[in-house]
Amino acid sequence: ATTTDPTLRVALLQVSALGEAIGIVLLVPAALTWLRRPKLQPPASPAAERPIVYAGTLIVSVLVFSGRLAPTMSAETLPYALFPFTFWAALRLGMRATSTVLLICGGTAIWFHAMGMGPFIMPSIAPEHTFAQFGSLYLFLTVLCVTSLLAAAAQSERAGAEEQVRASEQRYRMLIERMNEGVNITDAAARMVFVSDRFCEMTGYSREELIGRTGEMLTLPELQQAWRESHLSREQGRAES
């Protein structure tokens, strides 16, 4: 329908622009994540977890946007039932699963809303202005998509940082293991937290025997008292003479 009211034209333009944006937010992340192989795999999860999230999202989306729960629950709060599924995917399953869950939510919501059903249908609005009803739906989907995708991105960055730390530790460990000198690392209490293979060979103890023990076990009996005094001085911040 056409209208000559400038105010309605502006509102129609705003709703149309928001609808285009929602389409991009729903389709582009899903397409990108499914068409390319992710550089960082999400943490291992039970095999049934992903299908459960997808099926649960579809079921709840149908119940919410078909209006079947409206008689027993407040229509204004129904859409919030989708947030647990989107954040479940974001925190546990990665960006691909999150974009898929959002696509399920958005597609179901728009379909039922176009059929005149769901919590965002407002009977008080005149039929010729029904385009305005899409504004509240698009705004909700915008909040749902932005918050969920940001959570998934933050989780992905965190996992990437942890992977970099593990890789760095592995390179450091390999470098130490290739050294001819024995290397051991101790904590503040002088307990050994890391020993190289070469260090084990030099001392004649296994890694299991050394980890958690202090250097006192490697000191000659007549020098153990001196080792304890030296360690006590270091703990108290006194310089050794």
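Refer to the structure presented above.
No experiment lies behind these values; they were computed from the predicted model shown.

Participant: Teacher, can you tell me more about the overall build of the chain here?
Facilitator: Counting its regular elements, the chain contains 8 helices and 2 strands. Counting all 241 residues of the chain, 29% fall into the buried class. The contacts of the chain with a sequence gap of at least 6 include a subset with a gap of at least 24, amounting to 57%.

Participant: What is the right way to look at a nonpolar patch on the surface in this model?
Facilitator: A surface patch of nonpolar side chains, amounting to about 270 Å² of accessible area, comprises Ile24, Val28 and Leu32. Inspection of the secondary structure puts valine 28 in helix 1 (residues 6–35).

Participant: When you look at the side chain of threonine 100 in this model, what are you seeing that I'm missing?
Facilitator: Checked against the element boundaries, threonine 100 lands in helix 4 (residues 95–114). Accessibility expressed as a relative area gives 14% for threonine 100, which makes it buried.

Participant: In this structure, what is going on with the nonpolar core? I would like to understand it.
Facilitator: Across soluble globular proteins, you tend to see nonpolar side chains buried next to one another. In this structure, Phe65, Phe140, Leu141 and Leu144 are the most contacted members of the largest nonpolar core, which totals 27 residues. Elements with a minimum of two residues in this core: helix 1, helix 2 (49–65), helix 3 (83–92), helix 4 and helix 5 (133–177). Tallying contributions element by element places helix 5 first for this core, with 7 residues. Met192, Phe199, Cys200 and Leu210 belong to the second-largest nonpolar core, a separate cluster that totals 6 residues.

Participant: Would you explain helix 2 in this entry?
Facilitator: Every α-helix winds through 3.6 residues per turn, so residues three or four apart in the chain are directed the same way. Taking 1.5 Å per residue, 17 residues should reach 24 Å; helix 2 reaches 24 Å between its end C-alpha atoms and fits that length. Within two residues after helix 2, glycine 67 carries a phi angle of roughly 85°, on the positive side.

Participant: So what exactly am I meant to see when it comes to the packing of helix 3 against helix 4 here?
Facilitator: Two elements in contact, helix 3 and helix 4, have axes separated by 8 Å at closest approach and are oriented at 160°. Taken as axis vectors, helix 3 and helix 4 run roughly antiparallel relative to one another. Judged by the sense of rotation from one axis to the other, the crossing of helix 3 with helix 4 is right-handed. Of helix 4, the residues touching helix 3 (which contributes Phe85, Thr86, Ala89 and Ala90) are Ala97, Thr98, Val101, Leu102 and Cys105. Taken together, the residues that form the contact of helix 3 with helix 4 break down as 7 nonpolar, 2 polar and no charged.

Participant: Would you explain unusual backbone geometry in this entry?
Facilitator: Glycine aside, residues mostly have negative phi, and peptide bonds are mostly found in the trans state. Its identity is not glycine, yet alanine 190 carries a phi of approximately 70°, on the positive side. Along the chain, alanine 190 turns up in the loop between strand 1 (184–186) and strand 2 (192–195).

Reading the values: the criteria
- Residues numbered from 1 in each chain as written.
- Predicted model: local features only at pLDDT ≥ 70, side-chain atom pairs only at ≥ 80, totals over all residues.
- Heavy atoms only, no water.
- Helix = DSSP H or I, 4+ residues; strand = E, 2+ residues; numbered from the N terminus.
- Buried < 20%, exposed > 50% of the residue type's maximum accessible area, 1.4 Å probe, protein only.
- Contact = heavy atoms within 4.5 Å.
- Patch = residues over 30% accessible without salt bridge, like charges linked within 9 Å, V, L, I, M, F, W, Y side chains within 5 Å.
- Areas by Shrake-Rupley, 256 points an atom, 1.4 Å probe, with all protein chains shown as cover.
- Salt bridge = Lys/Arg side-chain N within 4 Å of Asp/Glu carboxyl O.
- Core = buried A, V, L, I, M, F, W, Y, C linked by side-chain atoms within 4.5 Å.
- Expected span 1.5 Å × (residues − 1).
- Axes fitted to C-alpha atoms, helices over the stretch in contact; angles between N-to-C directions.
- Parallel < 35°, antiparallel > 145°, perpendicular 65-115°, else oblique.
- Left-handed = near helix turned anticlockwise from the far one by under 90°.
- Nonpolar A, V, L, I, M, F, W, Y, C, P; charged D, E, K, R; others polar.

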